[in-house]
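Summary of the model geometry
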2 protein chains.
Amino acid sequence: MTEECTAREVLDRVGGKWSIAIIVAAAQGPVRFTELERSIDGISRRMLALTLRNLERDGLLTRTVYPTVPPKVEYVATDLAREIYDALVTLTTWAERHRAEIAAARAAYDRRAAS
Amino acid sequence: MTEECTAREVLDRVGGKWSIAIIVAAAQGPVRFTELERSIDGISRRMLALTLRNLERDGLLTRTVYPTVPPKVEYVATDLAREIYDALVTLTTWAERHRAEIAAARAAYDRRAAS
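About the cut-offs
- Residues numbered from 1 in each chain as written.
- Chains lettered and ligands numbered in written order.
- Predicted model: local features only at pLDDT ≥ 70, side-chain atom pairs only at ≥ 80, totals over all residues.
- Heavy atoms only, no water.
- Pairing = 2+ DSSP bridges.
- Helix = DSSP H or I, 4+ residues; strand = E, 2+ residues; numbered from the N terminus.
- Contact = heavy atoms within 4.5 Å.
- Axes fitted to C-alpha atoms, helices over the stretch in contact; angles between N-to-C directions.
- Least-squares fit on C-alpha atoms with pLDDT ≥ 70 in both.
- Buried < 20%, exposed > 50% of the residue type's maximum accessible area, 1.4 Å probe, protein only.

All names here are of chain A. Strand order in the open sheet formed by 3 strands is E1-E3-E2, with antiparallel pairing between adjacent strands. The sheet terminates laterally at strand E1 (31–32) and strand E2 (61–66), the two strands that pair on one side only. As paired elements, E2 and strand E3 (residues 72–77) share 6 bridges and run antiparallel to each other. Bridge assignment links Thr 64 to a residue of E3, and that residue is Glu 74. Strand contacts of helix H2 (residues 19–26): E1, E2 and E3, with the helix running at about 100 degrees to E3, the strand carrying the most contacts.

What follows is the structure in structure tokens.
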């Protein structure tokens, strides 16, 4: 794998559907699994667990297990992840603001393609 | 599909592996298919064609066909896509700067998981 591919692989991981929402949430302070599950609409437990593990593995989240009964597990964004917080918030805000416009562009394209 | 899902779908499309590089390239002026193919290391003709079509469909790229022989086809980022240009450049620069660090984090995680 070339170095160029690795940078792209990093982007693919960070830019993934659920990663952006998780990093943004965990950059504002430690969050628990169940809090993320509640706040990220549409994510399954399995996808949340998988995405958290991948982000931890990439050094973008720190996972802390507190020795309570039951154990409390918290996730927080690392300094590395915080560097892109503003860019991720910009993308999220943009996507929310323009989703209707993009849906309309898509529908118009499909009508042209069908005619 | 809820509105929330649609915003996430938009992010997934924009944040995709190849989309970022294509939008960044096409925000600097019209580019041709072959220019993109040469400048984006590792992309296949098929993936480039597919990603260009999806970005055009979402209203993020404009495709212009000039009636020359052979026809000249150019792609340029729309105003909508230009709004996230800075954020995408930030992500790209960050990924390039930190890819070694992220690869090291990954390797360390895997060693811990294996022990």
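This brings us to the relation of the copies chain A and chain B. When chain A is brought onto chain B, the operation consists of a screw motion whose angular component is 180 degrees and whose axial shift is 0.0 Å, with 0.0 Å RMSD remaining. A rotation of that kind, with that shift, is consistent with a two-fold axis.

Its place among the elements puts Arg 57 of chain B in helix H4 (residues 45–57). By relative accessible area, Arg 57 of chain B is classed as partly exposed at 21%. In contact with Arg 57 of chain B, other than residues within four places in its own chain, are Ala 105, Arg 106, Tyr 109 and Asp 110 of chain A together with Arg 13 of chain B.

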